[in-house]
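# Descriptive analysis of the structure
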Amino acid sequence: MTPTALDPCRCPLCGQPNACAMAAPQLGAAPNGPCWCTRVQFSADVLKRVPEAARNKACICAACVAASAPPPQGQRQGQGA
């Protein structure tokens with residue numbers, strides 16, 4: 001079985017587009033400012049889930065980052081405002 005090529009524009013966790021502005025220039029697109037990922041905090045748990053071959057080579061998408069974030073303090077799942 002041949003390994004699939006790593007796509008820096010796809011999330012290494014879910015395979016969806018990651019909207020990485022840093023990968024865009026590698027594909028011939030003009031950079032559009034800093035990547036969204038420079039303004040968010042990644043949990044240690046989500047970073048541990050990235051396969052070794054993709055570490056430092058492909059961004060995690062915003063959906064995977066959001067899904068791994070703990071709920072805001074003082075709120076519990078299923079509790080309304």
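Summarised in this report is the structure supplied together with it. What you are looking at is a predicted structure, and each value in this text was computed from that prediction instead of being measured. (Residues numbered from 1 in each chain as written. Predicted model: local features only at pLDDT ≥ 70, side-chain atom pairs only at ≥ 80, totals over all residues. Heavy atoms only, no water.)

## A short note on the overall build of the protein
Note the cut-off: The numbering of helices and of strands both runs from the N terminus, where a helix is a DSSP run of H or I of at least 4 residues and a strand a run of E of at least 2. Burial classes: relative accessible area under 20% of the type maximum marks a residue as buried, over 50% as exposed, and values in between as partly exposed (1.4 Å probe, protein chains only). Whether two residues are in contact is decided by their heavy atoms, any of which lying within 4.5 Å being enough. Using a 1.4 Å probe, accessible areas were evaluated by the Shrake-Rupley method; residue-level cover was limited to the displayed protein chains.
Across its full length, the protein carries two helices and zero strands. Split into buried and exposed, the 81 residues of the protein put 26% on the buried side. Of the contacts made within the protein by residues no fewer than 6 positions apart, 54% connect residues no fewer than 24 positions apart. Accessible surface, the protein as shown: approximately 6200 Å² in total, 56% of it carbon and sulfur.

## Some details on the side chain of N18
Rule in force here: Definition of a polar contact: a pair of N or O atoms within 3.5 Å, with one able to donate and the other able to accept a hydrogen when the atoms are protein atoms, and with sequence-neighbouring residues admitted only if both atoms are side-chain atoms.
Inspection of the secondary structure puts N18 in the segment before α1 (44-48). Among the polar contacts listed, one links the side chain of N18 to the backbone oxygen of P8, at a separation of 3.0 Å. A polar atom in the side chain of N18 sits 3.5 Å from the backbone oxygen of R10. In contact with N18, other than residues within four places in its own chain, are P8, C9, R10, C11, W36, A58, C59, I60 and C61.

## Here's the deal with the pattern of salt bridges
This is how the line gets drawn: Note on definitions: salt bridges are taken to be side-chain nitrogens of Lys or Arg within 4 Å of carboxyl oxygens of Asp or Glu.
In the structure shown here, the tally under the stated rule is three salt bridges. Among the salt bridges present, the one from D7 reaches R10, with a minimum N-O distance of 3.9 Å. Given the relative accessible area of 33%, D7 is considered partly exposed. Judged by its relative accessible area of 38%, R10 falls in the partly exposed class. The partner of K48 in a salt bridge is D45, with the nearest N and O atoms 3.8 Å apart. One end of the pair, K48, and the other, D45, are both in helix α1, three residues apart, so they sit about a helical turn from each other. On the accessibility criterion, D45 (53% relative accessible area) is exposed.

## A few points about the environment of Q41
Positionally, Q41 belongs in the segment before α1. For the pair formed by Q41 and A66, sequence separation is 25 residues and the distance between their alpha carbons is 9.8 Å.

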